Amino acid sequence: MARIIVVTSGKGGVGKTTSSAAIGLGLALKGHKVVLIDFDIGLRNLDLIMGCERRVVYDFVNVINGEATLNQALIKDKRVSSLSILPASQTRDKDALNKENVGKVLEDLGKIYDFIICDSPAGIEAGAMMALYYADEAIITTNPEVSSVRDSDRIIGMLASRSRRAELGLEPIKEHLLLTRYSPKRVAEGEMLSVEDVEDILSIPLLGVIPESQAVLKASNAGEPVILDTESDAGQAYQDVIDRLLGETIDFRFLVAEKKGIFSRMFGG
Amino acid sequence: MAAASIEFKGSSFTLSVLHLKTAILADVRADLAKKVAQAPDFFYLVPIVVSIDKLNDDIDYQGIKTLIEEFNFTFVGFTGAISKEQRQLIRECGFSFINMAKANSAKKAVLVEGAVAAKSKEVVATPQRDLYTDKIHRGQIRSGQQVYAKDQNLVVIGSVSAGAEVIADGNIHVYGSLRGRAIAGATGHHKAQIYCQKLEAELVSINGNYWLSESMEEHWASPVYIQLTDNELTSSKLI
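If you're wondering where the values come from, they're calculated on a predicted model, not measured in any experiment. (Residues numbered from 1 in each chain as written. Chains lettered and ligands numbered in written order. Predicted model: local features only at pLDDT ≥ 70, side-chain atom pairs only at ≥ 80, totals over all residues. Heavy atoms only, no water.)

(A) Region of the structure containing the overall build of chain A. Scanning chain A from N- to C-terminus turns up 13 helices and eight strands. Burial statistics for chain A: of 269 residues in total, 54% are counted as buried. Considering only contacts in chain A between residues 6 or more positions apart, those separated by 24 or more positions represent 73%. (Helix = DSSP H or I, 4+ residues; strand = E, 2+ residues; numbered from the N terminus. Buried < 20%, exposed > 50% of the residue type's maximum accessible area, 1.4 Å probe, protein only. Contact = heavy atoms within 4.5 Å.)

If you want it as structure tokens, here you go:
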């Protein structure tokens, strides 16, 4: 059985697509068969982050409408052969998806892949509901600031009431908290919510803390998911997330600001 | 100010009474051991009054007290002594003697009955919150969610997030943080109360009287209960 994982947040711009790309690629690098689905119909981004925007021929909506087969629409990643991407349509809108056909596509993908990662659009409307409906697990991507936390809280409520698992009375969706753009320095200065604050408000298990990092923007623009940048703290933090998703227990890193040594202070490093 | 540091007041309590049918301590010990073994936690440090009204003379008061404490009860005193001599003896041993309410005069019993009758009439006239059953919600109530306990008390085992709303016709109990809105006594009950382990609410309301968070500064982030006193909301610390 494939694990269907939705990456969601409620709020926009918190790092859903960045995280989807990093996690999808990270799982594939571990040898798992992974498919990444972009549910953000009309605002396609995942292809850019994955660096396959020039290879999009057919998309998710084409498959839903029977205009293309899954095999035609799936784009194989050039770096890892066990990873595929199902891009969103840029010309359509969220109404192009319906539950029945999405369910059929997920069922077909489930026969081939170990992990199906659904990159959700922002908001709590039809598009986001469609992305989370069939999920077994959810990665709630949250920035350490109050509006993002409140939107995440709202989406956690939706997971518990509007998903297929909720409707059928099955075991609830397994929730994971992913804190992104975390800056220990700003937490220490009281400008940002701490990990403990966010955990206290949302009370779901913590999957990872991704530090605020220049490497993320660089990676996005280059179309190389940040997990490939093994030198960067963000890349390493995503690597920890992968290990935790695969059942390992790993200490959380990058939670405290690095103390500057005397040399870096003297030389402005 | 010295006078305010203490105050004596009469209050009535429900205490467990252990009725002894024999003065032979070994028998009592055996039966008590059996009873306590059934629910050791339940009996642990329970205050207990020992009734000796079924016993004749030759009572080892000190022995009874020691025996009771052996089983981890908290010994309070004796009751049910009939004769003056018995009472005198109990006092001499340094124990308190407690009069049972039913030993009082018949006149008082009639009075109590009358009060009960009056109270039950009142209950018929306006169904009071005491009659409410509980609606129990397990888990956190998230932003945007609303839970309404119609004609019930609402018990939330978890927190109420900011942007969530809990409403009950009776009381509201939140075993977690109350960060959203809580509206108790929604259909008009001035006796409704709100309890929470951590008060960080956006709004609390009882019978239409409400507070915004700025009015909660005194007990902010504390375990609190809120009630209506003379049509004004008041908050008190739970612990």
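(B) Local environment of the overall build of chain B. In terms of helices and strands, chain B carries five helices and 14 strands. Out of the 239 residues belonging to chain B, those deemed buried represent 36%. Long-range contacts, defined as pairs at least 24 residues apart, comprise 33% of the intrachain contacts of chain B with a sequence gap of at least 6. Total accessible area on chain B stands at roughly 14,800 Å², and carbon and sulfur atoms take up 54% of it. (Areas by Shrake-Rupley, 256 points an atom, 1.4 Å probe, with all protein chains shown as cover.)

(C) Structural view of the sheet that holds strand E11 (residues 203-206) of chain B. All names here are of chain B. On the basis of which strands lie adjacent, the open sheet formed by five strands has the order E5-E7-E9-E11-E12 and mixed pairing. One side of each edge strand has no neighbouring strand; the edge strands of this open sheet are strand E5 (146-149) and strand E12 (209-212). Recorded for the sheet is a direction-independent mean angle of 5 degrees between the axes of neighbouring strands. Here E11 pairs with E12 via four bridges, running antiparallel. Paired with Leu203 across the strands is Leu212, a residue of E12. (Pairing = 2+ DSSP bridges. Axes fitted to C-alpha atoms, helices over the stretch in contact; angles between N-to-C directions.)

(D) Representation of the packing of helix H7 (residues 146-162) of chain A against helix H10 (residues 195-202) of chain A. Residues and elements named next belong to chain A. Remark: H7 packs on H10, axes separated minimally by 10 Å, with the N-to-C direction vectors making an angle of 35 degrees. The two elements H7 and H10 meet at a crossing, and its hand is right-handed. Residue-level inspection shows Val149, Ser152, Asp153 and Ile156 of H7 in contact with H10, the latter providing Val198, Ile201 and Leu202. Residue composition of the contact of H7 with H10, by class: five nonpolar, one polar and one charged. (Left-handed = near helix turned anticlockwise from the far one by under 90°. Nonpolar A, V, L, I, M, F, W, Y, C, P; charged D, E, K, R; others polar.)

(E) Main features of helix H1 (residues 16-29) of chain A. Residues and elements named next belong to chain A. Taking 1.5 Å per residue as the helical rise, H1 with its 14 residues ought to reach 20 Å, and the 20 Å between its terminal C-alpha atoms agrees with that figure. Of all the 14 residues making up H1, 13 are buried; the element is thus mostly covered by neighbouring parts of the structure. Positive backbone phi, approximately 100 degrees, marks Gly31, located one or two places after H1. (Expected span 1.5 Å × (residues − 1).)

(F) Structural view of the environment of A:Leu43. Of note, A:Leu43 is situated in the loop between strand E2 (34-38) and helix H2 (46-50). Measuring from C-alpha to C-alpha, the distance between A:Leu43 and A:Ser89 comes to 7.9 Å, with 46 residues separating the pair along the chain.

(G) Structural detail: the sheet that holds strand E4 (residues 83-86) of chain A. All names here are of chain A. With mixed pairing, eight strands are arranged side by side in an open sheet as E3-E4-E2-E5-E1-E6-E7-E8. Every other strand in the sheet has two partners, leaving strand E3 (75-76) and strand E8 (206-211) as the edge strands with one partner each. Of the strand pairs in this sheet, E3 and E4 are connected by two bridges, and their pairing is antiparallel. Residue pairing across strands places Ile75 opposite Ile85, the latter belonging to E4. The strands touched by H1 within the sheet are strand E1 (3-8), E2, E4, strand E5 (115-119), strand E6 (137-142) and strand E7 (174-182), with E5 carrying the most contacts at an inclination of about 170 degrees.

(H) Region of interest: the nonpolar core. Residues and elements named next belong to chain A. Of all hydrophobic cores here, the largest spans 53 residues; its most connected members are Ile37, Phe39, Phe60, Leu86, Val102, Leu109 and Ile116. With six residues, the single largest contributor to this core is helix H6 (residues 126-133). Discounting chain neighbours no more than four positions away, the residues touching Phe39 are Phe60, Lys94, Leu97, Val102, Cys118, Asp119, Ser120, Pro121, Met130 and Ala131. In terms of nonpolar packing, the next biggest core, distinct from the first, is built from 34 residues, Leu36, Ile85, Ala215 and Val241 among them. (Core = buried A, V, L, I, M, F, W, Y, C linked by side-chain atoms within 4.5 Å.)

(I) Examining the confidence of the model for chain B more closely. Residue and element names in this part refer to chain B. Across chain B, the average pLDDT comes to 82, with 85% of residues at 70 or higher. Scored below 50 in pLDDT, residues 103-129 shows eight contacts in the model against residues more than four places distant or in partner chains. Scoring the predicted complex yields pTM 0.70 and, for the interface, ipTM 0.79. (pLDDT = per-residue confidence, 0-100.)

(J) Representation of the pattern of salt bridges in the model. This model, assessed by the stated rule, comprises 23 salt bridges over all chains. Of the charged contacts in the structure, one is a salt bridge between A:Arg181 and A:Glu212, with a shortest N-O distance of 3.4 Å. Linking A:Arg181 in strand E7 with A:Glu212 in the loop between E8 and helix H11 (214-222), this pair joins segments that are 31 residues apart in sequence. Using a relative accessible area of 41% as the deciding quantity, one classes A:Arg181 as partly exposed. Assessed through its relative accessible area of 38%, A:Glu212 is described here as partly exposed. Each of A:Asp200, B:Arg179, B:Lys198 and B:Glu200 takes part in one network of salt bridges that share partners. (Salt bridge = Lys/Arg side-chain N within 4 Å of Asp/Glu carboxyl O.)

(K) Quick look at the environment of A:Pro121. Residue and element names in this part refer to chain A. Considering the arrangement of structural elements, one finds Pro121 in the loop between E5 and H6. Here Pro121 falls in the buried class, since its relative accessible area comes to 1%. A C-alpha to C-alpha distance of 9.5 Å links Pro121 and Arg44, two positions 77 residues apart in sequence. Once residues within four sequence positions are removed from consideration, Pro121 is found in contact with Lys16, Phe39, Asp40, Lys94, Gly127, Ala128 and Ala131.

(L) Main features of the environment of A:Asn45. Residues and elements named next belong to chain A. Relative to the assigned elements, Asn45 resides in the loop between E2 and H2. In the structure, Asn45 is positioned 27 residues away from Thr18 in sequence and 9.4 Å away in space, judged by C-alpha atoms. Aside from chain neighbours lying at most four places away, what touches Asn45 is Thr17 and Asp38.

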